[in-house]
Amino acid sequence: LAGATLSVLGLVSSASLNFIKFLPDIGLAFLLFLVGMELDLREVRTLGKAVVVSGVTQIILGSALIYLLLLGFFGAVPILIPLVLSFSSTILVVKLLVEGKELTSLQGKLSVGVLLLEDIVAIGVLMFLAVSQTGEAFGALTILLTIVKGAILISLAIFLGHKILPRVISMFTESGEMLVLAAIAWCLLYVSLSLVFGFSLGIGAFLAGIGLAQSTYKIQITSKIKPLRDFFIMIFFINLGANLTLGALEKYWLVALVLSLYMVLAKPMIFFLSFAFQRFRVKTAFQAATHLSSVSEFSLIILFIAGKTGLVGPEIISMGVLTIIVSFVMSSFLINHNQKP
């Protein structure tokens, strides 16, 4: 709201926002590192079938429904847009689950499992967009190489997180400052490796977080860097709001409202029916579905990258930013009140 207010009132300009221009690269990379640290692959192993069935069902049905909604406003749109708008926000959901002490509950584990699945799909999309930025043609060989390189990066992060990182990190546990520096050094190292493979900063940082999340020192590291996480989340939302313009509010408020209503009504219904069909309790299915009623921060990142590559125009990006902001507000309200009578 602060960022949007500054933008709409004309109190900010491109020159006055220089101090957060690092956000799309360094800020979001660090933010994705923290997001990766919140995800534990063991959650997918525990509830693998339910997570995969519900996540894949929602991505397919959700993308189709969003495509039909956008068709009425913009005409034909790239299939990439409804796909990325079907993802849910890991940052928002995990933060609210932690604050509500629901992260270890069954509905919390279901939500986090689905979020992890969606984030893996989003990382796959980002990998292909990163390749497209290099100007390479999307032939069969390029697609195969992208998949192979992505699989190597993901597997290496998981392997190092299980076998190597715990031993390295254990040398710095006596000092909180050194523990934080060791975690950031690991992030920078894996970001460098990601760049060597031809992928973006964000992909490397997210996978570095996934690797670190597998270590036994995850809780200590997360507690130490929580202030940094909250700081970057704050900057992220300010930047998100500041990207809105009065023209975008006037022109796209209706489509953003329609999409946001879909997010808080139809999207949770898909998840609820999927969880209920798999014989979870009605209360558990409802609460897990409510947690997944937002739009992902990955959606914004992918939209911006797609805009740079010319896949989408500025009107789609403006609509996406407005939809994400409205969905965050609605989803936060639902998650905070879904246990109240």
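Residues numbered from 1 in each chain as written. Predicted model: local features only at pLDDT ≥ 70, side-chain atom pairs only at ≥ 80, totals over all residues. Heavy atoms only, no water.

Enquirer: Sorry if this is basic, but what is going on with the overall build of the chain here?
Expert: Regarding its fold elements, the chain presents 16 helices and zero strands. Counting all 341 residues of the chain, 52% fall into the buried class. A separation of at least 24 residues holds for 82% of the contacts in the chain among residues at least 6 apart in sequence. Carbon and sulfur atoms provide 71% of the accessible area of the chain, an area that totals close to 15400 Å². (Helix = DSSP H or I, 4+ residues; strand = E, 2+ residues; numbered from the N terminus. Buried < 20%, exposed > 50% of the residue type's maximum accessible area, 1.4 Å probe, protein only. Contact = heavy atoms within 4.5 Å. Areas by Shrake-Rupley, 256 points an atom, 1.4 Å probe, with all protein chains shown as cover.)

Enquirer: Is there a simple way to explain a nonpolar patch on the surface in this structure?
Expert: Residues F73, W253, L254, L257, L261 and L265 make up a contiguous nonpolar surface patch of roughly 570 Å² in combined accessible area. Of all the elements, helix 13 (residues 246–277) adds the most residues to the nonpolar patch, at five residues. Looking at the secondary structure, you find W253 in helix 13. (Patch = residues over 30% accessible without salt bridge, like charges linked within 9 Å, V, L, I, M, F, W, Y side chains within 5 Å. Salt bridge = Lys/Arg side-chain N within 4 Å of Asp/Glu carboxyl O.)

Enquirer: What is the right way to read the environment of F280 from this model?
Expert: Its place among the elements puts F280 in the loop between helix 13 and helix 14 (282–291). Sequence-wise, F280 and Q107 are 173 residues apart; in three dimensions their C-alpha atoms are separated by 9.6 Å.

Enquirer: Would you mind going over the packing of aromatic side chains with me for this structure?
Expert: In the structure shown here, the tally under the stated rule is three aromatic pairs. Summarising the aromatic geometry, the rings of W186 and Y190 are spaced 5.1 Å apart at their centres and angled 45° between planes, so their arrangement reads as tilted. Remark: Y190 and W186 occur in helix 10 (residues 176–196); sequence separation between them is four residues, near one turn of the helix. With respect to class, W186 is no different from Y190; both count as buried. Ring centres of F275 and F280 lie 6.1 Å apart, and the angle between their planes is 80°; on these two criteria the pair is classed as edge-to-face. Across the pair, F280 and F275 agree in class, each one buried. Three or more aromatic residues link up through ring pairs in this structure, and these residues are F271, F275 and F280. (Phe/Tyr/Trp six-rings, centres within 6.5 Å; stacked < 30°, edge-to-face > 60°.)

Enquirer: Looking at this model, I keep getting lost on the packing of helix 15 (residues 297–308) against helix 16 (residues 314–337). Mind explaining?
Expert: Each pair of packed helices gets described by two things: the angle between the helix axes and the distance between those axes. As a packed pair, helix 15 and helix 16 sit with axes 10 Å apart at the nearest point and diverge in direction by 170°. When the interaxial angle is binned, helix 15 and helix 16 end up roughly antiparallel. On helix 16, the residues touching S299, L300, L303, F304 and G307 of helix 15 are I316, I317, G320, V321 and I324. When grouped by side-chain class, the residues that make up the contact of helix 15 with helix 16 number seven nonpolar, three polar and no charged. (Axes fitted to C-alpha atoms, helices over the stretch in contact; angles between N-to-C directions. Parallel < 35°, antiparallel > 145°, perpendicular 65-115°, else oblique. Nonpolar A, V, L, I, M, F, W, Y, C, P; charged D, E, K, R; others polar.)

Enquirer: What am I meant to see in the side chain of Q287 here?
Expert: Relative to the helices and strands, Q287 is located in helix 14. Q287 gets classed as buried once you look at its relative accessible area, which sits at 3%. Here Q107 takes part through its side chain, which lies 2.7 Å from a polar atom of the side chain of Q287. (Polar contact = N/O pair within 3.5 Å; in protein donor to acceptor, adjacent residues only side chain to side chain.)

Enquirer: Could you clarify how one ought to interpret the environment of Q278 in this entry?
Expert: Position of Q278 among the secondary structure elements: in the loop between helix 13 and helix 14. With relative accessibility at 21%, the residue Q278 sits in the partly exposed group. In sequence terms Q278 and K49 are 229 residues apart; their C-alpha atoms lie 9.4 Å from each other. Beyond its immediate stretch of four places on either side in the chain, Q278 contacts K49, A50, V53 and S54.

Enquirer: Please explain unusual backbone geometry as it appears in this structure.
Expert: Apart from glycine, the bulk of residues carry a negative phi angle, and the bulk of peptide bonds sit in the trans form. With a phi angle near 70°, R279 is a residue other than glycine that sits in the positive phi range. Relative to the helices and strands, R279 is located in the loop between helix 13 and helix 14. R279 sits in the exposed class, given a relative accessible area of 80%.

Enquirer: Would you mind going over the nonpolar core with me for this structure?
Expert: In this structure, F33, L70, L212 and I302 are the most contacted members of the largest nonpolar core, which totals 95 residues. Ranked by residue count, the leading element in this core is helix 7 (residues 106–133), at 12 residues. Ignoring any residue separated from it by four or fewer positions in sequence, one finds I302 in contact with L80, V84, F87, A122, V125, L126 and L129. (Core = buried A, V, L, I, M, F, W, Y, C linked by side-chain atoms within 4.5 Å.)

Enquirer: I'm lost on the packing of helix 10 against helix 11 (residues 201–213) in this one. Help?
Expert: Relative orientation of the contacting elements helix 10 and helix 11 amounts to 135°, with a least axis distance of 8 Å. With respect to each other, helix 10 and helix 11 are oriented oblique. Taken as a pair, helix 10 and helix 11 cross one another with a handedness that is right-handed. Residues A183, W186, C187, Y190, V191, S194 and L195 of helix 10 pack against L201, I203, G204, A205, L207, A208 and L212 of helix 11. Residue classes in the contact of helix 10 with helix 11 are distributed as 12 nonpolar, two polar and no charged. (Left-handed = near helix turned anticlockwise from the far one by under 90°.)

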